[in-house]
Structure formats: C-alpha cells, structure tokens
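# Report on the structure
If you want the building blocks of each chain, they are given just below.
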Amino acid sequence: MQNRILIRSALAIVIIVLFYFALNFYNTLNNPINTNGNQSVNKPLPIPTLLEPFKTDESSSDYDIKVQKGTTNFIGDMQTPTMGYNGSFLGPVIKVTRGQEIRMHVSNELQVDTSVHWHGLEVEGSKDGGPHQVISAGSLWQPSFTIDQPAATLWFHPHVIGTTATQVYYGLAGLIIVEDENSKSLNLPDDYGVNDIPLIIQDRSFNRNGSFRYDNNMMDGVVGDYIMVNGAITPYLDVKQTKMRFRILNGANASNFNLRLSDGNFHQIASDGGLLEKPLLTRTLFISPGERAEIIIDFSKYKEGDKIRLVSDNDLVMTFNVGAEMIDNTVLPEVLTTIEKLDINQVTAIKTIELDGMGHMVTLNGRKFDINRIDDNVSLGATEIWEISSTRGMMMSSPGHPFHIHGTQFQVLSRNGGEPRENEKGWKDTVFVRTGETVRIIVQFKYKGIFMYHCHILEHEEEGMMGQLEVE
Ligand code: C2O
Ligand code: CU
Ligand code: CU
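Residues numbered from 1 in each chain as written. Chains lettered and ligands numbered in written order. Predicted model: local features only at pLDDT ≥ 70, side-chain atom pairs only at ≥ 80, totals over all residues. Heavy atoms only, no water.

In this structure, His117 (NE2) and His404 (NE2) serve as the protein donors to the copper ion (ligand 2), at separations of 1.9 Å. Pair noted here: His117 is in strand S6 (residues 117–119) and His404 is in strand S27 (residues 400–405), with a separation of 287 residues, a long-range link. Residue classification places His117 among the buried positions, given a relative accessible area of 0%. Here His404 falls in the buried class, since its relative accessible area comes to 0%. (Donors = N, O, S within 2.8 Å, 3.2 Å for Na, K, Ca; no water. Helix = DSSP H or I, 4+ residues; strand = E, 2+ residues; numbered from the N terminus. Buried < 20%, exposed > 50% of the residue type's maximum accessible area, 1.4 Å probe, protein only.)

Within the open sheet, the four strands sit side by side as S4-S10-S9-S6. Their pairing is mixed. With partners counted over all chains shown, the strands left at the sheet margins are strand S4 (94–97) and S6, one partner each. For this sheet, the mean inter-axis angle between neighbouring strands, taken without regard to orientation, is 25°. In this structure, S4 lies alongside strand S10 (residues 174–179), joined through four bridges in parallel fashion. Bridge pairing in S10 links Thr97 to Glu179. (Pairing = 2+ DSSP bridges. Axes fitted to C-alpha atoms, helices over the stretch in contact; angles between N-to-C directions.)

Moving on: the coordination of the copper ion (ligand 3). The protein atoms that coordinate the copper ion (ligand 3) are His401 (ND1), Cys455 (SG) and His460 (ND1), at distances of 2.0 to 2.2 Å. All donors to the copper ion (ligand 3) come from one chain, and their sequence spacing reads H-x53-C-x4-H. Relative accessible area serves as the criterion here: at 1%, His460 is assigned to the buried category.

Let us look at the pattern of salt bridges. The tally for this structure, following the rule as stated, stands at 25 salt bridges. Asp376 is the partner of Lys351 in a salt bridge, and the nearest nitrogen-oxygen pair spans 3.7 Å. Note that Lys351 is positioned in strand S23 (residues 347–356) and Asp376 in strand S25 (residues 376–378), a separation of 25 residues in sequence. Accessibility expressed as a relative area gives 12% for Asp376, which makes it buried. In this structure, Asp375 and Arg367 form a salt bridge, with 2.9 Å as the shortest nitrogen-oxygen distance. A residue is classified by how much of its surface remains accessible, and Asp375, at 18% relative accessible area, is buried. (Salt bridge = Lys/Arg side-chain N within 4 Å of Asp/Glu carboxyl O.)

In short, geometric facts, not functional conclusions.
Next up, the structure:
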C-alpha cells in the first residue's frame, strides 16, 4: 500500500520535472529572449560622456558628431549590432549655455541617409535637422545657431522619412543640456555625472542571436520586452545620501512610462522646455515618448544599504543603492523661475489637429504626411492656439498620442476644458493627448522655415501622422 503511494508520487514528480524541462526547452527554442531570466545580472548605469567642443572660446563652441554603426553588449556575452553618435550606442551629452553660438559638424558614417534633429531647440527650420535636412551617407552637415531659450534638457535624434523609427531603435539619440544665468545661480545639483545624471529610458526586444528585434505590429508602435536606461537593462546606480538631479528622457519609440519610486516621493523641477516655476512634490511621473522631465530625489531620507527601485507601473526601470551620508551643499529653492504666459490677446489663429487611428490607418487631420505639401502657413512671430484631439480609431487599445511641434516651446492652456496638470504648466514641446481628449496649447513661432509637427510614437510618425508648417 505504502509502496504504491510512494511510486505514484515519484512518478508524478518525474512527470512534473520532465514537463518543466520540456517547457523550458520549448521556450529557448522560441525566438525572443525571455524577459525574466536576465534581470539579476544588472549592470551599473552607464553615464553618457560630456562632449568636449573641439574648438571653443567665450562666445562659441564647435562640436564634432559622428553618426556611426557599432556593436554593444546588453545581454550575456552577446554583441548586438547598434548605432550611436561618437560611439556604438546612444550619444554624448552636449552642454551649452544660453547666448552661445554653436557650430555642429555632423558626419554621417553610416551607409544610409540620416539627419540630426534637435528636439526642443528653438532654431530656424533650415537648422532643425528634420526630413528636409537629409545627411546622405558619407557627407557632412554643419548647422550653426545661437542658443536662445531657457535652461532645459533637450535631445537629438534622426528624422529621415522611413528610417527615423529604426535608427532611433538602433541607438541614435543623445541629450542636450541648456544652462542659463538663472539655472546656474540656483545652486541645484548640476555637477554632471556626479549629482546631475541623465536617464534615457527606452525599451527593446532581442532575438536569440542578440540582435535587436524590431517588431512592428503597426498598431501601437514598437514596444520592447526589456526596459533600458542609458543603454543598460534595468541598471543600478550607487548614490550617496544627498539630493540628486535626474534628467529623464522617454526615448522609447512608443511606450509610455508611469514612473514611481518603490519608497517615497520626489520633486519634479522641469518639463520639456525648462524649469517649472516651483518644484512639484509628487509620487508619480507619467512620461510619453519624446517628453523630458527633471526630477530631484533626496536620498538623505533613506539609510545606507537601502535599495530604492524606480519602476514603471510594475516593471523595474532601475535601482538606486543608497550609500553613506554626505554633506550636501545643493539646495532645492522654493522658486525656480518665472514663466511669462503667452498672451491670449495676441492669438491670430485657432487651429485644430485631429490625431486618428492606428497602425497603417493613422492620420493627422484625416490625411497622411506628404513632404511636398505644406499643411499650415504661419507668419513670423505669430501666436496661435492649437486644439489637439485624439479620436478613437479602429482599435481601442491605444492610450493616446504624444504630440510634438518642432522649433518652438508651447504652453498648455487646458485639457478637456479643465486645468492642465501641475507639471504641464511649464514650457513643453511634446504633450500627451489621451484618446478622447482635447488639449489646447498656445504657441508662438519665432523662427523662419519649415517645421514638422507629429505624433512622437515613431511608428505613427512613419505611418504619416505628421504635418509640416511654414513660418515666413
Ligand atoms: Cu523628437 Cu520630430 O521629433
Ligand atoms: Cu522635434
Ligand atoms: Cu500616435
């Protein structure tokens, strides 16, 4: 009797074990690398280098940017074919000061066309780096401009018709930090790489051979299995018990991140185009593709050995390992800046933008992008109100569209007729429009030229959810 029970349970165990192995074997055969396996082998957070100008004086700086291919290690000991600026993945941080004249020397060392768009930078259309400024393989593009906007975290990425989304996915993205008199005087954490750290948050999937899997389902854009920060999968950062500033970029092709700490709150101090008027104490930060936010986390409220996780909903983004106490000379001022409101009385046009559909069906105002068509004419210096709405398309899964305008910073007037969110009361160049919502913005066009406006889900942009305006 006893023996029989024993044999039966042994048999059951053997079957379970066999089943387990079979399942595992099946999983390894199946193409995408599984998300859960690798998270214990986290790497330290890579810090992008600060790009040194190769020539500089009081008033101007010259920067070399090489767009190149390479390979990068993300998983195990596999090498992933990637692209980067002056390196194999992502790019350096370019730190500039308001008033400076900047000369960029961009050389395209890829075998294909690219362009370098300065997202958030207020410059003329011909310097903007959009689809009209293609840098063909092997050639050089040398735009120069004077920085004339408040301190902010901006970024740069390719913008060529048909390859924007894949080139960004392969690694082409970098940050620009703009400083000004005010930002320098505030005594915020601003020691780059020490207490002022960029966090470029993206998501990627991999094939079994280690190459990126760009899986375009044409619906919601390309969403990855792994979250990466500065090019490392769910990395960690050792921090002292001081205030730390993080310049967060949602550099994903399509994913929104809904950020929060595993324990405690933080202050948001800046949105896309610069400092907020006051630090905003918050527990969560929603950030859609293209948007930036600067936050301050005060690690002095934790103790040595604490592990504070930054998560997006339930997914790990990265971990902060809290170290020793340290004297902190930085401050979090009560007032960061004053933001002058754009004047409603100056508005000369009210325009509507309708973002509709999904995948192949995406449209902007009922049509798809055409580089030979100017959708809007604007006179230089004009202030306009844009009413952007996101209608429910064929499928209902999309939460909404991040809407972006080139070459300018705008202010959000209202969301569905109500007050904008607190963290949307500063300068913005990208605003998330939820499905079914209407967002009103006020925007001034201070620079001449042709500029894009589009959904920053890069697959939607590629599918034609983009228009162009001409300022003259
Ligand atoms: Cu981030 Cu049209 O760009
Ligand atoms: Cu842009
Ligand atoms: Cu979209």
